[in-house]
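Now for the letters of each chain:
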Amino acid sequence: MTTPRLHPDTIEQVRQATDIVDVVSEHVSLRKQGRNLVGCCPFHDEKTPSFSVSPEKQFYYCFGCGAGGNAIKFLMEIGQRSFSEVVLDLAQRSQVPIQTLAKDEEKKLARKLSLREQLYEILAIAGRYYEHALRQSLGQAALRYAREQRGLSNETIQTFQLGYAPGGWTTLHDVLVQEKGFTPELVQQAGLILPRKSGDGFYDRFRDRLMIPIHDAQSRVVGFGSRTLTGEEPKYLNSPETELFNKGKLLFGLDKARQTIVKADRAVVVEGYFDVIALHAVGITNAVASMGTALSLDQMRQLLRYTESKQVILNFDADAAGGKAAERAISEVEDQAYRGEVQLRVLNLPNGKDADEYLQEYTADDYLDLLDEAPLWLDWQIQRALKDRDLQQAEQFQAATEAIAAILGKLPNATLRTHYTHRCAGMLSQGDSRLALQLEEALRQQVRGQRWHGRSQKWQRPADYTLREAAEAQILRIYLHRPQFRQDIHNALKQRDIEFSFSHHRFLWRQILAIEEEQAKLEPDPEWDSSAFDLIATVQDLCTEFSQDIQQVYHLIQLNEKTELDILRPGLSIRAAAASLERIACEKRCRHLLQMWESAMKSAKKELGQRQILNTYLQQMLMDESEQVQNLLAEESYCLQELDEIKRLYYQEKRYLQQLDQQRCVDVSDLSELMVNPQLNLN
């Protein structure tokens, strides 16, 4: 749910109604010491209490790490949540009326909050019911499965609040609807029941299954995972997407793992519920799961909030599906990983085991040793490029070198590129030192080829900056003001492999995509079209949160006569701007190819045959790029001529209308004179 801007009165009332001692006591064991209370700081590892809470000043401070603030700040830091989220929760807890800066938003927010609170209550009741049923006679088979086949202790079962869904068709339905008085429609919105195909009544979604409640970061039940006990398909069944349950944003076990992630300064991501439960059971409590889906950017951002070193270890299954899941997770944070902003590692356990299977044979210390030795994502990707390839076969050798060059070509650090190029040449040569030297030079050339693929700034002319900025601004301006052409822009960016190169343009584009993604989740219609959404109003709201960033692109939000005219024909303008951006990239590649060609021809180290092969290769690539530049110039020229003709006609029409206005003014002036002096002969 997108949180609207809260009224200052609401924020102030929440501050006055909240007692910091009550808030902190939920997370820290406090004892009285003079006028204050003290305890061990939750933000860093300590044995001697240095964390102080002042009821008088409604303030906390840690003399060890320097953390301090009020109750709202404490909840923001402990839960890594936004200001608005914390204030809304505290407002509901203290029953403070919620006001927003827009009345229509206030009513919409109130309805949303009311619905969410009811869904939380329904899911909490369902969780307690399942947990109770596990201990009854009807749940003994599920309890035996958890204890004997999964090896879980009573303490672990209780910690994760495992339960049992009875096999009846309407067991939970009857509890929630008939006993608790909730409407079937509301229980359906919680994802617990389904309508019968006949249209007559509802039935339970989960039947005769071991139930695994899924909590949000505030430890509230938001959905369930389940495992069959009878071998029926699907083996695992999750709650559907609901107002509260979004599996792309939730991490199973995060509510129990976040404090350990902070202390250990690293997070471990596994694939399944029982992997997390097994790891926590042996004391490795910084583990979470992505619930069977590829780790998303939202999930990765949540984890990075809790680790200062930004260390995340992916322990996915070693099969093909697990490898693809790891690759997708890496691609989500690829830019940050290449810049070193994320310390991403990948662990594949021996013999293709998952964490749960591994711990049935080995100890927690063995697993921790493997975590410590887990390779960086870059080394893991290189290993995958070489895995199962026979380097004695020319085709497989070529495929391996191309895959490695593609990986190394994205590294922005020259020293790191040199290091990995040398290492990979050694791997490819398989111990042959003479061959390793030759391969290193060849691999370096290929890596350079990846580096100049339209992204290196070295080969860009000064004039290109102005052209690029104007073209990127035009695309963003059309996207904001001509919503029916948004899909055309997405297509053009994808087909031409265009990225926004200026930081303020990248910022605006990321915000636009995030806004649309959030809005799409609020729309009940799966065929929702972003062109019907008032994007500009939402972007303008970002001014309060990102004032400096928005200031650089605010001229794109407001149109004047010139910019209005510039987007009079959006289709042509998109083609012209996209062709211009692609042409600039092609010209950069041509300049770099030409330099490589000249350098290769002058090199005395290369044999004649090698120079001829390289000459032919580079010459062909240069011809292809030059031909593409000419094609793009022709397309760009055509579009610009058409746009200039439209502008010429516009200004011609404008001058004509101005002349009419002037004539009308003369006519009105003459008419006024005639009314004053009827004897005048105006003919």
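The structure under discussion appears in the preceding block.
The shown structure was predicted, so the numbers you read here are calculated from the model rather than taken from an experiment.

Basis of the calculations
Residues numbered from 1 in each chain as written. Predicted model: local features only at pLDDT ≥ 70, side-chain atom pairs only at ≥ 80, totals over all residues. Heavy atoms only, no water. Helix = DSSP H or I, 4+ residues; strand = E, 2+ residues; numbered from the N terminus. Buried < 20%, exposed > 50% of the residue type's maximum accessible area, 1.4 Å probe, protein only. Contact = heavy atoms within 4.5 Å. Areas by Shrake-Rupley, 256 points an atom, 1.4 Å probe, with all protein chains shown as cover. Arc of directions from axis to C-beta. Pairing = 2+ DSSP bridges. Axes fitted to C-alpha atoms, helices over the stretch in contact; angles between N-to-C directions. Parallel < 35°, antiparallel > 145°, perpendicular 65-115°, else oblique. Left-handed = near helix turned anticlockwise from the far one by under 90°. Nonpolar A, V, L, I, M, F, W, Y, C, P; charged D, E, K, R; others polar. Core = buried A, V, L, I, M, F, W, Y, C linked by side-chain atoms within 4.5 Å. Salt bridge = Lys/Arg side-chain N within 4 Å of Asp/Glu carboxyl O. Phe/Tyr/Trp six-rings, centres within 6.5 Å; stacked < 30°, edge-to-face > 60°. Lys NZ or Arg CZ within 6 Å of the ring centre and 35° of its normal.

Enquirer: I'd like a rundown of the overall build of the protein chain, residues and numbers included.
Expert: In terms of helices and strands, the protein chain carries 28 helices and 15 strands. Going through the 683 residues of the protein chain one by one, you find that 45% of them count as buried. Considering only contacts within the protein chain whose residues lie at least 6 apart along the sequence, 65% involve residues at least 24 apart. Per element, the accessible surface of the protein chain, about 36,200 Å² overall, is 48% carbon and sulfur.

Enquirer: Describe in detail helix α16 (residues 364-373), supporting the description with residues and values.
Expert: Every buried residue of α16 is accounted for by Ala364, Tyr367, Leu370 and Leu371. The buried residues of α16 all sit within an arc of 120 degrees when viewed along its axis, so they share a single face. Seen from the open side of α16, the exposed residues pointing more than 90 degrees away from its buried face are Asp365, Asp372 and Glu373. Elements that come into contact with the buried residues of α16 comprise β12 (267-270), α11 (273-281), β14 (311-315) and α15 (355-359).

Enquirer: Describe the sheet that holds strand β10 (residues 221-228), naming the residues involved and giving the relevant values.
Expert: Taken in spatial order, the four strands of this open sheet run β6-β9-β10-β11, and their pairing is antiparallel. The open sheet has two free edges, formed respectively by β6 (163-165) and β11 (236-238), since each of these has just one partner strand. On average, each strand axis in the sheet is inclined to that of its neighbour by 35 degrees, with strand direction left out of account. Sheet analysis places strand β9 (residues 209-215) next to β10, joined by seven bridges and oriented antiparallel. Each bridged residue has a counterpart across the sheet, and for Ile214 the counterpart in β10 is Gly223. Of the strands in this sheet, β9, β10 and β11 are in contact with α11, which crosses β9 at around 75 degrees.

Enquirer: I'd like a description of the packing of helix α13 (residues 320-332) against helix α17 (residues 377-386), backed by residues and values.
Expert: Helix packing for two helices is described by the angle between their axes and how far apart those axes are. Contact pair α13 / α17: the axes reach a minimum separation of 12 Å and the direction vectors enclose 135 degrees. Between α13 and α17, the interaxial angle falls into the category oblique. Here α13 and α17 pass one another in a crossing that is left-handed. Contacts between α13 and α17 pair Gly323, Ala326, Glu327 and Ile330 from the former with Trp377, Trp380, Gln381 and Arg384 from the latter. Residues belonging to the contact of α13 with α17 are distributed by class as follows: four nonpolar, two polar and two charged.

Enquirer: Could you give me a rundown of helix α10 (residues 254-264), with the residues and numbers involved?
Expert: The set of residues buried in α10 consists of Leu254, Asp255, Ala257, Arg258 and Ile261. Down the axis of α10, the buried side of the element spans an arc of 140 degrees, and every buried residue falls inside it. Residues of α10 that are buried make contact with α3 (71-79), β9, β12, α11, β13 (287-289) and α12 (297-304). Of the residues flanking the end of α10, it is Asp265, one or two places downstream, whose phi is positive at about 60 degrees.

Enquirer: Run through the nonpolar core, naming residues and quoting values.
Expert: Tyr130, Leu192, Phe224, Phe252 and Tyr367 are the most contacted members of the largest nonpolar core, which totals 67 residues. Considering every element that reaches this core, the biggest residue donor is helix α5 (residues 103-134), with eleven residues. Every residue in contact with Tyr367, bar those within four places of it in the chain, is listed here: Val268, Val270, Leu279, Ile284, Asn315, Leu347, Leu349, Ala355, Tyr358 and Leu359.

Enquirer: Account for the pattern of salt bridges, naming residues and giving values.
Expert: Going through the model one piece at a time under the given rule, you end up with 21 salt bridges. For the salt bridge of Arg220 with Asp89, the shortest nitrogen-to-oxygen distance reads 3.8 Å. Placement of Arg220 in the loop between β9 and β10 and of Asp89 in helix α4 (residues 83-94) is noted, with a sequence separation of 131 residues between them. Between Asp216 and Arg220 there is a salt bridge, and its shortest N-O distance comes to 3.0 Å. Taking relative accessible area as the criterion, Asp216 reaches 8% and is therefore assigned buried. When salt bridges that share partners are traced, they join Arg496, Arg575, Glu582 and Glu635 into one network.

Enquirer: Quick rundown of the pairing of strand β3 (residues 51-54)? Include the residues and the values.
Expert: Of the two faces of β3, both are covered, the one formed by Phe51 and Val53 as well as the one formed by Ser52 and Ser54. The pairing of β3 with strand β4 (residues 59-62) spans four bridges and is classified as antiparallel. Bridge pairing in β4 links Ser54 to Phe59. Where β3 folds back onto β4 in an antiparallel hairpin, the turn is made up of four residues, including Gln58, whose phi is positive at roughly 55 degrees.

Enquirer: I'd like to hear about the sheet that holds β4, residue by residue, with values.
Expert: Taken together, five strands build an open sheet; the order of strands is β1-β2-β3-β4-β5 and the sheet is antiparallel. A strand with exactly one partner marks an edge of an open sheet, and here the two such strands are β1 (31-33) and β5 (68-69). Against the sheet, α3 engages β3, β4 and β5, with an angle of about 50 degrees to β4.

Enquirer: Can you lay out the packing of aromatic side chains for me, pointing to particular residues and giving the numbers?
Expert: Pairs of aromatic rings are described using the distance from one ring centre to the other and the angle between the two planes. One pass over the structure, following the stated rule, counts 18 aromatic pairs. Aromatic pair Tyr129 and Tyr130: ring centres 6.1 Å apart, planes at 55 degrees, arrangement tilted. In this structure an aromatic cluster arises from ring pairing among Phe43, Phe51, Phe59, Tyr60 and Phe74. When the ring centre of Phe274 is taken as reference, the NZ or CZ atom of Arg150 above it lies at 4.1 Å.

Enquirer: Can you tell me about the environment of Ile557, naming the residues and giving the values?
Expert: With respect to the helices and strands, the residue Ile557 is situated in helix α25 (residues 547-557). Note on Ile557: relative accessible area 3%, which makes it buried. In this structure Ile557 touches Leu480, His481, Ile536, Val539 and Gln540, once residues within four positions along its chain are discounted.

Enquirer: With reference to specific residues and values, describe the packing of helix α18 (residues 394-408) against helix α19 (residues 414-429).
Expert: Packing of α18 against α19 brings their axes to within 11 Å, and their N-to-C directions diverge by 165 degrees. With respect to α19, the axis of α18 lies roughly antiparallel. Two packed elements cross with a definite hand, and for α18 against α19 that hand is right-handed. Here Phe397, Ala400, Thr401, Ile404 and Leu408 of α18 come into contact with α19, specifically with Arg417, Tyr420, Thr421, Cys424 and Leu428.

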